[in-house]
Structure formats: structure tokens, C-alpha cells
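Structural description and commentary
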Amino acid sequence: MGEILETAYSLVWGVPTLVLILGVGLYLSIRTGFAQLRLFPAACRDFWRRLTNRNSSDGVSPFQALCTALAATVGTGNLAGVAGAIAIGGAGAIFWMWICALLGMVTKLAEATLAVRYRVRQSGEYLGGPMYIISRGMGKRWSWLASLYCFFGVVAAFGVGNATQINAVITGINRCILTFGGTPSLQTDIIIGIALAAVVLILLLGGATRIGRTTELLVPLAAVGYLLLGSLVLILRAEAIPTAFSSIIQGAMTPTAVTGGVVGSFMTTLRTGVSRGVFTNEAGMGTAAIAHGSASVAHPVEQGLMGIVEVFLDTILICTMTALVILCSGVGIPYGSDVGVDLTAGAFSAVLGDWVQVFITAALCLFAFATVLGWGLYGARCAQYLFGKAVWRSFPWLQAIVVILGAVLSTGTVWLLAEIVNGLMAIPNLIALAVLTPELCRLIIDYRRKTG
């Protein structure tokens, strides 16, 4: 079974899929005149305005929608995924993550914009996402493709969006317990799992509005706290920052020069950076469109701007912070092995001491829990599209059960299966983005005309 899943994973996340994701991003960039760059100043201004004025008179605010999308995007991959990228592909992998983010910005712009353009209103709330973009934008004859996307979304919500995240939380807490001389136990894992399941259940039963209100508090707290801690490390290791950037640039072109020959393949560095970049910002997966589609905005491109900000905050800001902390800390990097959050935690501890493990664990828990909430909404929306509104009465309970299972079971196989399904989600979404690019261009032109 394991070999079959490994083979399927290699096929789904092989070169063709990565080329498709980056190819659509490049195609959108060219067709929109690199709108992610031209609209970036406006996106930053709009983000600041939304941040300082969060009131919304109707439904989910644009900032809440952004935070819900960030909740699902900013997760354990920002801590563990970046560390693994450096260990497998060398520091140069970070450079290709940046390139992936640059193209991902326009992909998220397209996803969020088209989600608002083709959303529907049911029972007083907006419903959007790739399923509505496909069925309403491409026509009813493509409804089967929308249903296929939702099927993949439901499966992924239980795996990569739930069980594996909770397992990461438990692992982080147990690591912290060991650091301070304690002994982890199954009973403790079960208690934590039940407590987390209860909170997840309460929040998911509240629907998109309650999730949005929670994530607009949770995500900024976790992100700002982590960035402040990382900034402290960089201040104490300021002399190493130029060398770190140099190793990223040099390692992108000649990995052997940086890794001492352990990582000597340019293609390994490129593939690792791109794949981890896609994993961390999920540009091309279409999931964020489900959150962005619920926002109360006057023009679709207004929420598209939040898509640009989402990728910038996730990959350019938070992932880069993780990379610089690792590269500036002086901690040994086990090149060639897929290390996880241990490398990130070790880098912080090497500079600040073991006490920082508590804060790294707290950040990991907040990021992972936020991911569960965001993916809980995604999975519920996909299930709602397939089975109707009544699914909201049962889906949160199923998510809560999976939270408990994720706290006590090994999720290696679940993670692999979920990543396969997650990759399959990209195909219907990318087809829709490519087909509806003319409508995206029309909306961008209309927005620029109205805003000057």
C-alpha cells in the first residue's frame, strides 16, 4: 500500500503538475500585464485599510475572509516545510520558493476575483470557490468537474487539513514536555485531542462568520508573535544576514557550492523549492477562493487584492523569516534528509536558548489549529455543494472525531494520501483559471478604470 501511494504521489506531484501550476501562473501574469506587481501597492494600501477598519455590515468582511484563507495557508509548512526545503534542496530552494510566490500572487488574485464574480447567495450568505467558478463560469456541462473538485476537497479536509495538523500539534507539545524533563503519555494526547475537538466543533458549527471572527484574532496573533521572535534572532545574528542571502542566491544556481556536494543537483533544488512553495501558499489549489468568495466587497478585484497579500504574507514574509533564522543561527543542517520542525526549533534554541521551545510550540499550535479551522470551512463548503445545506449539521462532528484520531494515531499514510488528493484538486481549478482568463482581464480593466 505504501509503495502504491508513493508512486501515486510522485505522479501527482511530479514535473508535469509543477509545470502546469507555474505555467498557468506565468500565463496569467502575461495576460494581465503582471497585475500582481502593478496592483501590489494598491493591495498593501487596501490591506492596511481593512486591518484598521474591520467593521462589516453584511456577512464576512474582506479582512475576515483573508484571515480565514491565511488560517488554512499559514500552517506547519511555514515552520517544517521550509526547513525540509533547505535540507533537501539547499538554501537555493528558497529562491525558487520566491519565484513560485511571485507567480502564485497572480494565481491567488485570479482565484479570489473569480470566486466573487461567480459566487451565489444562499440563506443570506455568499458561497464561492472553484466549484462555482467552474459550474457558473464554464457552464453546467462542466458541473461534473466541479463535483470532482469538491470530492477531492472533502477528502483533503480530513487529512492534510485536519489529522496531520493536529498530529503536528501533539508532536510539538510532547517535544516541549521532553525538553523540560517531562514524560509524554497517551492519556495526555487524548485529553488534548478531546479539548481541541470540542473547540473545533463549536467554531465550525458557527459557520463562516464565526470562523472568520476567530481567525481574524488568531492569525495576526500567531503571525506577529512568530515574526517578532524571528526578528530577535536576526538582530542577534545581524552579521550573518548578508551571507544567508548570498547562500540563497548562489545555491539556486550552483547548489554544490553551498551544500558541499551533498545537494548537487540544480533540478533537485528547483523542484524542491517549487513544490514546497506550492505546498505553503497553496496557489493553484483553489482552496482560498472558498474563503475569499464569502467576502462582502463592491468589486471582485477588491478581494483579489487580498489574494496578492495572502501569498506575500505567507511565503515572502513568514517563510523567508524561517529560512533566515535557520541560515543565520549557525545550527548544522542535515542536507539530504527531510527534516521537520526540529531544525527550525533547533535554530531558534541555538540563538535564544531552550526556553524558546515553548514559544515555537505555541506558534506551531496556533498555526496548525488555524489551518484546521480554515480547512474545516473548505471541506464543509465542498460537502455542501455535493450534498446540500443539511451537511452542516453533521460535517463539524466528523471533523471533531478526526481531530481526536489525529491526536493519537500516526498520520504518515494519511498525510501522503491527503497530499495526493490535494494535488488532484489543482487540475480542475487550473483548467477553470486558464479558460476564464479573459473574464479576469476584463474585471481588472474595469476595476482600474473605476479606481483610477
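Below: a short report on this structure. (Residues numbered from 1 in each chain as written. Predicted model: local features only at pLDDT ≥ 70, side-chain atom pairs only at ≥ 80, totals over all residues. Heavy atoms only, no water.)

Brief notes about the overall build of the chain
A tally of helices and strands in the chain yields 21 helices and two strands. A compact globule built from 452 residues should have a C-alpha radius of gyration of about 22 Å, and the chain, at 21 Å, falls within 12% of that. Viewed in the frame of its principal axes, the chain has a C-alpha envelope of about 55 × 50 × 50 Å. The 452 residues of the chain split such that 59% are buried. Once local pairs closer than 6 in sequence are excluded, the contacts in the chain between residues at least 24 apart make up 84%. Accessible surface, the chain as shown: approximately 17000 Å² in total, 67% of it carbon and sulfur. (Helix = DSSP H or I, 4+ residues; strand = E, 2+ residues; numbered from the N terminus. Rg over C-alpha atoms; globule rule 2.2 N^0.38 Å. Buried < 20%, exposed > 50% of the residue type's maximum accessible area, 1.4 Å probe, protein only. Contact = heavy atoms within 4.5 Å. Areas by Shrake-Rupley, 256 points an atom, 1.4 Å probe, with all protein chains shown as cover.)

Regarding helix α18 (residues 356-387)
Note: α-helices contain 3.6 residues per turn, so residues at a spacing of three or four share the same orientation. Between the first and last C-alpha of α18 there are 46 Å, a value that for 32 residues agrees with the 46 Å anticipated at 1.5 Å per step. Counting buried positions along α18 yields 25 of 32 residues, so the element is predominantly enclosed. Once α18 finishes, G388 follows within two positions and takes phi at roughly 100°, a positive value. (Expected span 1.5 Å × (residues − 1).)

Some details on the layout of surface pockets
There is about 210 Å³ of room inside the second largest pocket. Lining the second largest pocket are 14 residues, with F47, P220, A223, V224 and L313 positioned closest to its centre. Contributing elements (two or more residues each) for the lining of the second largest pocket: α4 (40-52), α5 (62-73), α11 (207-236) and α16 (300-329). In terms of residue count, the dominant contributor to the lining of the second largest pocket is α11 (five residues). (1 Å grid on protein atoms, 1.4 Å probe; cavity = no way out; pocket = protein on both sides within 12 Å on 5 of 7 lines; lining within 4 Å. Points joined across faces, edges and corners; volume = space filled by probe spheres on them.)

A look at empty space enclosed by the protein
For the structure on display, the rule yields two cavities of 30 Å³ or more. The calculated volume of the largest cavity comes to roughly 50 Å³. Looking at the largest cavity, the residues that line it are I21, L22, G25, C100, L103, G104, T107, V278, N281 and A283. Sorting the residues of the lining of the largest cavity by element identifies α2 (15-31), α7 (92-117) and α14 (266-281) as the ones contributing at least two each. Grouping the amino acids of the lining of the largest cavity by side-chain chemistry returns six nonpolar, four polar and no charged. (Nonpolar A, V, L, I, M, F, W, Y, C, P; charged D, E, K, R; others polar.)

Focus: unusual backbone geometry
Glycine aside, residues mostly have negative phi angles, and peptide bonds mostly take the trans form. Of note in this structure, F34 is not a glycine but carries a positive phi near 55°. Relative accessible area serves as the criterion here: at 33%, F34 is assigned to the partly exposed category.

Describing the environment of A101
For A101, the position within the fold is in helix α7. For the pair A101 and I308, spaced 207 residues apart in the sequence, the C-alpha separation amounts to 9.5 Å. Not counting residues up to four positions away in its chain, the partners in contact with A101 are N281, V311, T315 and I316.

A word on the packing of α2 against helix α21 (residues 437-451)
With their axes 10 Å apart at the nearest point, α2 and α21 run at an angle of 40° to one another. Classified by the angle their axes make, α2 and α21 are oblique. Relative to α21, α2 is oriented so that their crossing is right-handed. Between α2, through Y27, L28 and R31, and α21, the contact on the second element is made entirely by T437, P438, L440 and C441. Residue composition of the contact of α2 with α21, by class: five nonpolar, one polar and one charged. (Axes fitted to C-alpha atoms, helices over the stretch in contact; angles between N-to-C directions. Parallel < 35°, antiparallel > 145°, perpendicular 65-115°, else oblique. Left-handed = near helix turned anticlockwise from the far one by under 90°.)

Focus on the side chain of R119
Its location among the elements puts R119 in the loop between α7 and β1 (120-122). Given a relative accessible area of 12%, R119 falls into the buried group. Looking at R119, its side chain comes within polar contact range of the main-chain oxygen of A295, at 2.4 Å. Each residue touching R119, except ones within four places of it in the same chain, is listed here: Y126, L127, G128, R136, G293, S294, A295 and V297. (Polar contact = N/O pair within 3.5 Å; in protein donor to acceptor, adjacent residues only side chain to side chain.)

Concerning the packing of aromatic side chains
Counted by the stated rule, this structure contains eleven aromatic pairs. The interplanar angle of 75° and the centroid separation of 6.0 Å between the aromatic rings of Y226 and F367 together place this pair among those described as edge-to-face. Of the two residues, Y226 is situated in helix α11 and F367 in helix α18; the sequence distance between them amounts to 141 residues. The class of F367 is buried, set by a relative accessible area of 3%. An angle of 85° between the planes, with centres 5.5 Å apart, marks the rings of W355 and F359 as edge-to-face. In textbook terms, an aromatic cluster arises when at least three aromatic residues are bridged by ring pairs, as seen for Y226, F348 and F367. Against the face of Y126 rests R119, its NZ or CZ located 3.6 Å from the ring centre. In this arrangement the basic side chain of R121 is found over the ring face of Y126, its NZ or CZ atom lying 4.5 Å from the centre. (Phe/Tyr/Trp six-rings, centres within 6.5 Å; stacked < 30°, edge-to-face > 60°. Lys NZ or Arg CZ within 6 Å of the ring centre and 35° of its normal.)

Here we look at the nonpolar core
Counting residues in hydrophobic clusters, the biggest one holds 157 residues, and the most contacted among them are Y226 and F348. Looking at this core, the element that brings in the most residues is α18, giving 17 residues. Excluding residues that lie within four positions of it along the chain, Y226 makes contacts with L79, I318, M321, T322, T344, F348, I360, A363 and F367. (Core = buried A, V, L, I, M, F, W, Y, C linked by side-chain atoms within 4.5 Å.)

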